[in-house]
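Chain by chain, the residues:
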Amino acid sequence: MWARLRGGYPLRILLPLRGEWMGRRGLPRNLAPGPPRRRYGKETLQALEMPVLPVTATEIRQYLRGHGIPFQDGHSCLRAPSPFAESSQLKDQTGVTTSFSLFIDKTTGRFLCMTSLAEGSWEDFQASVEGRGDGAEEGLLLSKAPEFEDSKEVRRIWNRAVPLWELPDQEEVQLADTMFGLTKVTDDTLKRFSVRYLRPARSLVFPWFSPGGSGLRGLKLLEAKCQGDGVSYEETTIPRPSAYHNLFGLPLISRRDAEVVLTSRELDSLALNQSTGLPTLTLPRGTTCLPPSLLPYLEQFRRIVFWLGDDLRSWEAAKLFARKLNPKRCFLVRPGDQQPRPLEALNRGFNLSRILRTALPAWHKSIVSFRQLREEVLGELSNVEQVAGLRWSRFPDLNRILKGHRKGELTVFTGPTGSGKTTFISEYALDLCSQGVNTLWGSFEISNVRLARVMLTQFAEGRLEDQLDKYDHWADRFEDLPLYFMTFHGQQSIRTVIDTMQHAVYVYDICHVVIDNLQFMMGHEQLSTDRIAAQDYIVGVFRKFATDNNCHVTLVIHPRKEDDDKELQTASIFGSAKASQEADNVLILQDRKLVTGPGKRYLQVSKNRFDGDVGVFPLEFNKNSLTFSIPPKNKARLKKIKDDTGSVAKKPSSGKKGATPQNSEICSGQVPTPKQPDTSKRSK
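Each chain has its residues counted from 1, following the order in which its sequence is written. It should be noted that, the model being predicted, local features are given only for residues of pLDDT at least 70 and side-chain atom pairs only at 80 or more, the latter also being counted only at that level, while totals for whole chains, interfaces and linings use all residues. Each side-chain value is derived from all of the structure's non-hydrogen atoms; neither hydrogens nor water enter the calculation.

Labelled according to an unreviewed UniProt entry, the chain appears under the name Twinkle mtDNA helicase, originating from Theropithecus gelada.

1. Observations regarding the overall build of the chain
Helix and strand definitions follow DSSP, with helices as H or I runs of at least four residues and strands as E runs of at least two, each counted in order from the N terminus. Each helix and strand in the chain was counted, giving 20 helices and 25 strands. Residues classed as buried in the chain amount to 49% of the 684 residues present. Restricting to contacts in the chain with at least 6 residues of sequence separation, those with at least 24 account for 67%. Surface summary for the chain: the accessible area is close to 34700 Å², and the carbon and sulfur share equals 50%. Only protein chains enter the area calculation, which uses a 1.4 Å probe; residues under 20% of their type maximum are buried, those over 50% are exposed, and those in between are partly exposed. Residue contacts follow a heavy-atom distance rule, with two residues in contact if any of their heavy atoms lie within 4.5 Å. Here, Shrake-Rupley sampling with a 1.4 Å probe gives the accessible areas, and only protein chains in the shown set may cover a residue.

2. So, the pattern of salt bridges
A side-chain nitrogen of Lys or Arg and a carboxyl oxygen of Asp or Glu constitute a salt bridge if their distance falls within 4 Å. In total, this model carries 24 salt bridges according to the counting rule given. The closest approach of N and O atoms between Arg240 and Asp480, which form a salt bridge, is 2.6 Å. Residue Arg240 is located in the loop between strand E12 (230-238) and strand E13 (259-263), and its partner Asp480 is located in the loop between helix H15 (471-479) and strand E20 (483-486); the two are separated by 240 residues in the primary sequence. A relative accessible area of 2% means that Arg240 is categorised as buried. For Asp480, a relative accessible area of 17% translates into the label buried. With a closest N to O distance of 3.7 Å, Lys319 and Glu316 form a salt bridge. Note that Lys319 and Glu316 are positioned in helix H7 (residues 312-324) at a spacing of three residues, about one turn of the helix. For Lys319, a relative accessible area of 30% puts it in the partly exposed group. Put simply, Arg61, Asp73 and Lys106 are held in one network by salt bridges that share partners.

3. With respect to the pairing of strand E25 (residues 615-619)
We treat two strands as partners when DSSP finds at least two bridges between them. Inspection of the sheet shows strand E24 (residues 600-608) paired to E25 by five bridges, in the antiparallel sense. Within E25, the residue paired with Leu603 across the bridge is Phe617. With antiparallel pairing between neighbouring strands as the criterion, E24 and E25 make up a hairpin whose turn holds six residues, including Gly612 at a positive phi of roughly 85 degrees.

4. Things to note about the environment of Gly249
You can see Gly249 is positioned in the loop between E12 and E13. A relative accessible area of 8% places Gly249 in the buried class. Measuring from C-alpha to C-alpha, the distance between Gly249 and Glu266 comes to 8.6 Å, with 17 residues separating the pair along the chain. Gly249 has contacts with Phe193, Thr280 and Leu281, leaving out every residue within four places of it along the chain.

5. Remarks on the packing of aromatic side chains
Here a Phe, Tyr or Trp ring, Trp counted by its six-membered ring, pairs with any other such ring whose centre lies within 6.5 Å, and the pair is stacked when the planes are under 30 degrees apart, edge-to-face when over 60, and tilted otherwise. Enumeration according to the criterion identifies 19 aromatic pairs in this entry. Both rings, one in Trp122 and one in Phe125, keep their centres 5.4 Å apart while their planes meet at 20 degrees; by these two values the pair is stacked. Of this pair, Trp122 and Phe125 both sit in helix H2 (residues 122-129), separated by three residues, roughly a single helical turn. Per residue, the accessibility class of Trp122 equals that of Phe125, and both read buried. The interplanar angle of 90 degrees and the centroid separation of 5.9 Å between the aromatic rings of Phe459 and Trp474 together place this pair among those described as edge-to-face. Here the residue Phe459 occupies a position in helix H14 (residues 448-460), and Trp474 occupies one in helix H15, the gap between them amounting to 15 residues.

6. Quick notes on the pairing of E20
In the case of a regular strand, side chains alternate between the two sheet surfaces. Burial along E20 is two-sided: Leu483 and Phe485 and Tyr484 and Met486, pointing in opposite directions, are all buried. Note that strand E19 (residues 439-443) and E20 share three bridges and pair parallel. Bridge pairing in E20 places Thr439 opposite Leu483.

7. Some details on the sheet that holds strand E5 (residues 77-80)
Note on sheets: strands pair through backbone hydrogen bonds, and any given pair is parallel or antiparallel. The antiparallel open sheet is built from five strands, whose spatial order is E4-E5-E6-E7-E8. Where the open sheet ends on each side, the last strands, each with one partner, are strand E4 (72-73) and strand E8 (119-120). Across two bridges, E4 lies against E5 in antiparallel orientation. The partner of Gln72 across the bridge, within E5, is Arg79.

8. Quick look at the sheet that holds E13
The strand order across the open sheet formed by five strands is E14-E13-E15-E16-E17, and the pairing between neighbours is mixed. Two strands lie at the open edges of the sheet, namely strand E14 (280-282) and strand E17 (360-361), each paired on one side alone. As defined by bridge partners, E13 adjoins strand E15 (residues 303-306) across four bridges and the pair is classed as parallel. From the neighbouring strand, Val261 faces E15, where its bridge partner is Val305. To get an axis, fit a line to the C-alpha atoms, keeping to the stretch in contact for a helix; angles then go from 0 to 180 degrees between the N-to-C directions. Packed on one face of the sheet, H7 meets E15, strand E16 (330-332) and E17 and runs near 175 degrees to E16.

9. Section: the environment of Gln458
Mapping Gln458 onto the fold places it in helix H14. Judged by relative accessible area, which is 0%, Gln458 ranks as buried. Sequence separation of Gln458 and Ile630 is 172 residues, and the distance between their C-alpha atoms is 9.6 Å. Not counting residues up to four positions away in its chain, the partners in contact with Gln458 are Arg394, Thr423, Ser426, Glu427, Leu430, Ser625, Leu626 and Thr627.

10. Remarks on H14
What a helix should span is 1.5 Å times the count of its residues minus one. Counted at 1.5 Å a residue, the expected span for H14 with its 13 residues is 18 Å, and the 18 Å between its end C-alpha atoms agrees. Buried residues belonging to H14 abut helix H13 (421-433), E19, H15 and E20. Once H14 finishes, Glu461 follows within two positions and takes phi at roughly 60 degrees, a positive value.

11. With respect to the environment of Glu172
With respect to the helices, strands and loops of the structure, Glu172 is situated in helix H4 (residues 170-180). Each C-alpha atom of the pair Glu172 and Arg202 lies 9.8 Å from the other, and the pair is 30 residues apart in sequence. Not counting chain neighbours up to four residues away, the residues in contact with Glu172 comprise Leu167, Tyr197 and Arg199.

12. Description of the nonpolar core
In this text, buried Ala, Val, Leu, Ile, Met, Phe, Trp, Tyr and Cys residues form a nonpolar core when linked through side-chain atoms within 4.5 Å. Membership of the largest hydrophobic core comes to 70 residues, with the highest contact counts inside it found for Phe306, Met501, Ile515 and Phe542. Per-element accounting of this core gives the leading share, nine residues, to helix H16 (residues 494-508). The residues touching Ile515, leaving out its near neighbours within four places in the chain, are Gly442, Phe444, Met486, Val497, Met501, Met521, Phe542, Thr554, Leu555 and Val556. Counting 37 residues, the second largest nonpolar core, distinct from the first, contains Leu402, Tyr428, Val437 and Val605.

Take a look at the structure:
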C-alpha cells in the first residue's frame, strides 16, 4: 500500500526528564477518547526466510538510472520527481515549482511524496514504476484518505480548548504560567505556535497540523500536577505515540530556512524560538525515538542543532539521532549546569544564542589529543550516576553490583538447564523496557506467543487466566511498551539476524537486544566443522555490533555439562574463553540442588568490566507472577530440623539405614522415652 494510515488511540507513555515526567492516566470522563481499538498482534520485524540482502543506496541509484528517473543526492534521502503528484500540486504557496518532491530513504528505500503525502516501501515504488497492479492501483494517498478513528475526538477537544491569554480568570492564567514555567513566554509566541489550554483537564494542548496545513491530524496534551515541592508532567497523544509523527512547529518552517534546532519538549521550542528567532522543531517522542518517516522533513537544512535536554540520556540520544541525519551537518549542545534545557535557560536569564554557538560538531575524523576528550571526561565525572546507566526497578541488588544498564556493552548470561534462564531474562529485559528502553527480543528457542504470555504475566504481576476481564486492560498497557520481537525460530544465519538487528536500530532506535540463545543460531554457519570456532565468530560479531551501534546486547549461552553438586563458574560457559573475554558482564543463574526439596536459586555476577564489583544475591521465584523480584505470598517453606550436633535430621523410611523411631518422634514433636536395656541377650 502507498500509505499507512496513522490511526490509533491515545497512549500513556513515560518521558523521563529528571524523573518528573510520568505517563498520562487519562482525561476527564467527559473528554476521554472513545473505546480503544483492540489489536492482539504486536508489531514484529519481518523475518528474512531466505538470504536476501536489504536494499542499499547504490542499488537505489542504479535502479533510478536504469529507468531514466532523475534524482538528487541528499543527506539521508534521494530526491526524485514524484509520479503521485498532479501538476497543480507541484507548486508551493510561493509559486516555486517543486518537481523533486519524492524523498527515498537511502537506508530502507521507503519513500514519501511531500505534495500528495503518499508513502510506501521500496517494493511499492518499484511496482508503480514497472506498472504492476499491487502498486498504484491499490495505493492510498493520505491526502485523499478518510479521517482516522480519533478525528472526532481530536476536533472536539481542540474546540473545547481556548487560548491561554483569553481565560477570564487572571489567577488561573498566572497559576498555569507558573505550573508550566511560561512566566517569560509571551502570548505572541503561544499564538504563533497555536498553543491552547484545556480548562477541564488543566492541560496545554499542542496541535499536529498536516505539512501543507490542510487539517488537524492530532493533539498532544500536557498536564502539570503538584507533587510534593515540585511539579510532575503527564502527557497524552492522540493518536497513540506509534502513530503520532508530529514535528511540532513544522508549519512555521519556510523553504528558505537552512538551520533548525531540534528539542525534545514543545515548551523548549517555544522558549528557543522566542529568544533566538531560529526555526525550532520538537521530536514527537522526545529522546526515545526518531522515526525515519520524519527524515524527509529535515532534508532541506544544512545545519541541525540538537538541544534535547540536560542529562546524559539526552546527550546519548542526540549522538544516536545525528547518525541518521548525516553527522557532518549536526551539532550538539552539551548538557551542563550553565547549559540547561532551553525553557529553564530562558527562565534563569541565560543567553540562548550564546549557548547555541557553543554547540559541538557531531562528527570528527579522528581524535588527536586529550583536548578533544577533556569535555567528555568532565561530563562523566560530573554525572557519575548517569554514566553508570539505567537502574533496574525490580532488582535493587543488581544495581548494587552492576550499578546500571549501559549502552554499547555485551552481557553473557548462563545457567543450568531448567533453572529459569528465559523466565529471569524476560523480567530482566521487561524491567528496562518499562522504563523506556527500546527492546528487541530474539527468541530462537520458544515461540513469541509463549514468550509474550510470560512477559505479560510478569508485567501484570499475576496470572490472567482467572481474571480474563482484566486482559484488555493489561494487554493495552503492555502493547504501549517499546518492545519488538524478531519472528525467527530455530537455527538462523548470523548474517540474517544481524541485518534484522541493524534495521531495528535504524527504524526503532533499539537500545537493548536479547538473543536467547546462542546455540540455536549455529546451524547455518559453514565456517568450519568446529562448533567452537563457529561460536567464537558469532560472539565476535555480536561484540562488534554492540560497539558500533552503541546498543546493549544480552546473549544467553547454555553451559557445558557439569556435576549437579558443583556450582557454575565463568569457565563453565560452553565453548572457548572468547565469550567471557569479549563480554563486559557475565551473569550466572545458580540453582543449588537440595536433598530435601527444590533448588534454591541465586544470581552471581562473575564479571563487571565497568567498575570490577562482583557478587551474589538470592532469588526467590513467584510461581503466580512468574517473577524473581516479587516474593511469593504464604509460601510453605521446608523446615530443616537439626539435632544438637548441627546435623540435619532425615525423615524415617522403612528398610533404610538411619530410620529410627527416635527420629520419627523428634520430627513429630514428641519427647522420646528412654529405651530399657535388653538383658535377655546378656544372660544368654
